[in-house]
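# Working through the structure, step by step
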Amino acid sequence: MNKNNINFQVHRTTEGTICEAVSGLLLLLSLIFSIIIMYHSKQVGGGMLIQTGIIAFCVVLILVLAYHPSTFNIPDDSNAEMFIATVRFLRYTAVLVSMLSLTITLSSFLGFLGEIVPSLFGICFVPLMCWYFFVYFKAKRRHG
């Protein structure tokens, strides 16, 4: 556990609420499409329901962890900006993972090729990782 020296606490923000609402809406849409698929094909629909459930659990876990900075694996002497960047990264990751669930379900629903979904996720996630590292190291250089 990280025993941060600044006693950083994460508070509710409009940005956090929007990220949580968007994640929930995307997962709800994924669930709805999974149920529709299940009516057409129980085998495929069952797999989509399991996928949606697993990803929903992961998204909830990511969002819960965003409110517990003691779980972050960053240096003990980190400044507030580094914690803020990590919280934002976790929130944005939750939205992207929710989008992943919806795109997997939609690709099954519409019959798209399976290679498109991971490619789209990677195209979105790599810039997010680059943004996070840029902001994180910029804050580290500024205060370190």
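Scroll up for the structure.
Description of the structure in this document. In this text the structure is predicted, and so the values were computed from the model without any measurement.

## Observations concerning the overall build of the protein
Along the backbone of the protein there are 4 helices and 0 strands. Secondary structure elements in the protein, listed N-terminal to C-terminal, are α-α-α-α. Here the C-alpha coordinates of the protein stretch approximately 55 × 25 × 25 Å along the principal axes. In the protein, which comprises 144 residues, the share counted as buried stands at 35%. Here the analysis covers contacts within the protein between residues at least 6 apart in sequence; of these, 80% occur between residues at least 24 apart. Within the structure as shown, the protein displays about 8,600 Å² of accessible surface, and the carbon and sulfur contribution to it stands at 72%.

## Quick word on the packing of aromatic side chains
Counted under the stated rule, the structure contains 9 aromatic pairs. Ring centres 6.2 Å apart and planes at 50 degrees place the aromatic pair Phe-89 and Phe-125 in the tilted group. Of this pair, Phe-89 sits in helix α3 (residues 80–110) while Phe-125 sits in helix α4 (residues 116–143), and the two are 36 residues apart along the sequence. Phe-89 sits in the buried class, given a relative accessible area of 12%. Among the residues examined, Phe-125 registers a relative accessible area of 21% and is labelled partly exposed. Ring centres 5.7 Å apart and planes at 50 degrees place the aromatic pair Tyr-92 and Trp-131 in the tilted group. With Tyr-92 in helix α3 and Trp-131 in helix α4, the pair connects residues that are 39 residues apart, well separated along the chain. Judged by relative accessible area, which is 27%, Tyr-92 ranks as partly exposed. Of the residues examined, Trp-131 reaches a relative accessible area of 28% and is grouped as partly exposed.

## Comments concerning helix α2 (residues 42–66)
The end-to-end C-alpha distance of α2, which contains 25 residues, comes to 36 Å, matching closely the 36 Å that a straight helix rising 1.5 Å per residue would cover. Every buried residue of α2 is accounted for by Gly-45, Met-48, Gln-51, Thr-52, Ile-55, Val-59, Ile-62, Leu-63 and Ala-66. The secondary structure elements touched by the buried residues of α2 are α1 (14–40) and α3.

## What to know about the environment of Phe-112
Residue position: Phe-112 is located in the loop between α3 and α4. Spatially, the C-alpha atom of Phe-112 lies 16 Å from that of Met-99, the residues being 13 residues apart in sequence.

## Observations concerning the packing of α2 against α3
Contact geometry for α2 and α3: axes closest at 9 Å, N-to-C directions at 175 degrees. With respect to α3, the axis of α2 lies roughly antiparallel. For the pair α2 and α3, contact is made by Val-44, Met-48, Gln-51, Thr-52, Ile-55, Val-59, Ile-62, Leu-63, Leu-65 and Ala-66 and by Val-87, Leu-90, Arg-91, Thr-93, Ala-94, Val-97, Ser-98, Ser-101, Ile-104, Thr-105 and Ser-108, respectively. A breakdown of the residues in the contact of α2 with α3 according to their chemical character gives 13 nonpolar, 7 polar and 1 charged.

Thresholds applied
Residues numbered from 1 in each chain as written. Predicted model: local features only at pLDDT ≥ 70, side-chain atom pairs only at ≥ 80, totals over all residues. Heavy atoms only, no water. Helix = DSSP H or I, 4+ residues; strand = E, 2+ residues; numbered from the N terminus. Buried < 20%, exposed > 50% of the residue type's maximum accessible area, 1.4 Å probe, protein only. Contact = heavy atoms within 4.5 Å. Areas by Shrake-Rupley, 256 points an atom, 1.4 Å probe, with all protein chains shown as cover. Phe/Tyr/Trp six-rings, centres within 6.5 Å; stacked < 30°, edge-to-face > 60°. Expected span 1.5 Å × (residues − 1). Axes fitted to C-alpha atoms, helices over the stretch in contact; angles between N-to-C directions. Parallel < 35°, antiparallel > 145°, perpendicular 65-115°, else oblique. Nonpolar A, V, L, I, M, F, W, Y, C, P; charged D, E, K, R; others polar.

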